[in-house]
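Listed below are the residues making up each chain.
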Amino acid sequence: MERPASRPLGTRADARALLAADIGGTSSRIEVRTPKGQLLGAATGPGCNLRSSGPDAFTSLAATMREALGAVPGKDVAHAVLAFSGAGPAQHQQVQRATHEAAAPLGIDGSRITVTDDHLVAFLAGGVGDDGILLLAGTGAVTVSYRDRRPIQRRDGMGWLLGDVGSAVWLGRRTVQAVAADLDHRGPRTRLTELVGDMLDLDLRDGLLPPSPTGDTRQDLIRALDSLVPAGSPAGLGRFAPLPGTVLEDPVARDILDTAIRHFCTTVRDLDPSLELPVVLAGSVLATPGPIREEVTCGFEAEGREHRTVASGLPGAIILAREMAEDDTALGDMAGDDIAEGGTATGVGA
């Protein structure tokens, strides 16, 4: 993706609004601002990802956009930047088409919409300049190195089925898999079984209080997860992601955490072995206090690596929306990043 050049604001853009959206697999955050930064409206809604957020994702996104716009007519939006998880080349055309369809009833023309993945906006939100590394772990997970805002190398971001190691979905999936192995005597006993049972209001250990609905705690787990995480919506597994961090003394939980931490540190080191580039940490797993964030950042500090944490990619999306609004030739959507190594984001992605 070519870097949009920064430009001074003009009177045409000053009179109109900018819409910026940071859209993950679990939640969406949208702001409407003037080009000078005044907040006109904001809204938070469900996530929107083709493969992980369910069939009604774009209907929910349209409702969240409408709420954020409030009294601002869609025709007054000079430019909208919607940064999606999972909107890389493999899914970009589908995401773009669905976004245009969702925005049309709001009065926002497709020529004023930029659809991109959430990587660049998260990186720009870190304010480290145009060169650096994004380490993002939310619903999905990816590591990307940038030079002059251009993605040079990528690790992961391949979706919940093929990768996203260390993401919330990955952590949640590893947690419930460990519980299933415990119940089935295929793996070691773990305190995660009781914790997952508490979340599901089930006695997964003995099936006594409350009584097992099926007479088999393994089947109780299957039935509960089928209801909680329906087919096509694996993002729901993310609700189990915090559990390993609450029982650090449990060997199974500790192994899940250590695998994620090693993966994050190793991928950053692979992309920048000389420690030259600052790292922007983003996504709920890395932006929320907990053992993963603490141990990853401690590792960076021990190496002498500069790092910053961002809570949202919205500031980066606003930067892009302002720049695109000033470019009268910006009539199309930016396609997904062209990665030098040929990697693409698929599935949940980051």
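What counts as what
- Residues numbered from 1 in each chain as written.
- Predicted model: local features only at pLDDT ≥ 70, side-chain atom pairs only at ≥ 80, totals over all residues.
- Heavy atoms only, no water.
- Helix = DSSP H or I, 4+ residues; strand = E, 2+ residues; numbered from the N terminus.
- Buried < 20%, exposed > 50% of the residue type's maximum accessible area, 1.4 Å probe, protein only.
- Contact = heavy atoms within 4.5 Å.
- Areas by Shrake-Rupley, 256 points an atom, 1.4 Å probe, with all protein chains shown as cover.
- 1 Å grid on protein atoms, 1.4 Å probe; cavity = no way out; pocket = protein on both sides within 12 Å on 5 of 7 lines; lining within 4 Å.
- Points joined across faces, edges and corners; volume = space filled by probe spheres on them.
- Domains from an automatic or database assignment.
- Lys, Arg positive; Asp, Glu negative; His and termini not counted.
- Salt bridge = Lys/Arg side-chain N within 4 Å of Asp/Glu carboxyl O.
- Polar contact = N/O pair within 3.5 Å; in protein donor to acceptor, adjacent residues only side chain to side chain.
- Core = buried A, V, L, I, M, F, W, Y, C linked by side-chain atoms within 4.5 Å.
- Arc of directions from axis to C-beta.
- Axes fitted to C-alpha atoms, helices over the stretch in contact; angles between N-to-C directions.
- Parallel < 35°, antiparallel > 145°, perpendicular 65-115°, else oblique.
- Left-handed = near helix turned anticlockwise from the far one by under 90°.
- Nonpolar A, V, L, I, M, F, W, Y, C, P; charged D, E, K, R; others polar.
- Pairing = 2+ DSSP bridges.

- For the protein, the name recorded in an unreviewed UniProt entry is N-acetylglucosamine kinase, with Brachybacterium muris UCD-AY4 as its organism.

## Description of the overall build of the protein
Right, on to step 1. In terms of regular secondary structure, the protein is built from 11 helices and 10 strands.
Right, on to step 2. Counting the 350 residues in the protein, one finds 56% classified as buried.
Right, on to step 3. Counted over contacts in the protein with a minimum sequence separation of 6, partners at least 24 positions apart contribute 68%.
Right, on to step 4. When the accessible surface of the protein is summed, it comes to about 14,500 Å², and 52% of that surface belongs to carbon and sulfur atoms.

## Considering the layout of surface pockets
Right, on to step 1. Considered as a void within the structure, the largest pocket measures approximately 860 Å³ in volume.
Right, on to step 2. Taken together, 47 residues make up the lining of the largest pocket; nearest its centre are T26, G138, T139, A168 and S284.
Right, on to step 3. Counting residues per element, the ones that place at least two in the lining of the largest pocket are β1 (17-23), β2 (27-33), α4 (119-125), α5 (168-183), α9 (284-287) and α10 (291-303).
Right, on to step 4. A domain split of the lining of the largest pocket shows at least three residues from each of domain 1 (17-124 + 312-333) and domain 2 (168-305).
Right, on to step 5. The volume enclosed by the second largest pocket comes to roughly 190 Å³.

## A few points about unusual backbone geometry
Right, on to step 1. Here the bond from L209 into P210 is cis, since omega is -5°, no more than 30 degrees from zero.
Right, on to step 2. Assignment of secondary structure puts P210 in the loop between α6 (192-200) and α7 (217-228).
Right, on to step 3. Its identity as a non-glycine residue notwithstanding, R149 has a phi of 70°, on the positive side.
Right, on to step 4. Look at D164: it is not a glycine, yet its phi comes out positive at around 55°.
Right, on to step 5. By relative accessible area, D164 is classed as buried at 1%.

## Quick word on the side chain of D117
Right, on to step 1. Take D117: it is sitting in strand β5 (residues 113-117).
Right, on to step 2. One buried charged residue, D117, forms no salt bridge at all, with the nearest opposite charge on R154 at 4.8 Å.
Right, on to step 3. A polar atom in the side chain of D117 sits 3.1 Å from the backbone nitrogen of H119.

## A look at the nonpolar core
Right, on to step 1. Residues L135, L192, I292 and V296 are the most contacted members of the largest nonpolar core, which totals 45 residues.
Right, on to step 2. When contributions to this core are tallied by element, the ones reaching two or more residues are β6 (132-137), α5, α6, α7, α8 (251-271), β9 (279-282), α9 and α10.
Right, on to step 3. With 10 residues, the top contributor of residues to this core is α8.
Right, on to step 4. Beyond its immediate stretch of four places on either side in the chain, I292 contacts L171, L257, A260, I261, F264, V285 and L286.
Right, on to step 5. In terms of nonpolar packing, the next biggest core, distinct from the first, is built from 27 residues, I30, A57, A80 and A98 among them.

## Let's talk about α6
Right, on to step 1. Along α6, the residues classified as buried are L192, T193, V196, G197 and L200. The buried residues of α6 occupy an angular sector of 135° when projected down its axis, which confines them to one face.
Right, on to step 2. On the buried face of α6, the contacting elements are α5, α7 and α8.
Right, on to step 3. Backbone geometry just after α6 places D201 at a positive phi near 60°.

## A word on the packing of α5 against α8
Packed helices, taken two at a time, are described by the angle their axes make and the gap between the axes.
Right, on to step 1. At a minimum axis distance of 11 Å, the contact between α5 and α8 shows a crossing angle of 155°. Judged by the inter-axis angle, α5 sits roughly antiparallel to α8. Once α5 is placed against α8, the crossing between them reads as right-handed. Here α5 contributes W170, L171, R174, T175 and A178 to the contact with α8, which in turn contributes V252, D255, I256, T259 and A260.
Right, on to step 2. Looking at the contact of α5 with α8 residue by residue, the classes come out as six nonpolar, two polar and two charged.

## Observations concerning the sheet that holds β2
Right, on to step 1. Strands sit in the order β3-β2-β1-β4-β5 across an open sheet of five strands; the sheet is mixed. One side of each edge strand has no neighbouring strand; the edge strands of this open sheet are β3 (39-46) and β5. The average undirected angle you get between the axes of adjacent strands in this sheet is 10°.
Right, on to step 2. Across the face of the sheet, helix α2 (residues 57-69) comes into contact with β1, β2, β3 and β4 (77-84) while running at roughly 155° to β3.
Right, on to step 3. Across the sheet, helix α3 (residues 92-103) touches β4 and β5, and the angle it forms with β5 is around 140°.

## Focus on the pattern of salt bridges
Right, on to step 1. Applying the stated rule across the entire model yields 19 salt bridges.
Right, on to step 2. We note a salt bridge from D182 to R205, for which the minimum N-O separation is 2.8 Å. Here R205 lies in the loop between α6 and α7 and D182 lies in helix α5, a separation of 23 residues in the sequence. Like R205, D182 is buried.
Right, on to step 3. Here D184 and R186 are joined by a salt bridge, their closest N and O atoms 2.8 Å apart.
Right, on to step 4. Classification of R186 by relative accessible area gives exposed; the value is 57%.
Right, on to step 5. Salt bridges linked by common partners bring D184, R186, D216 and R218 together as one network.

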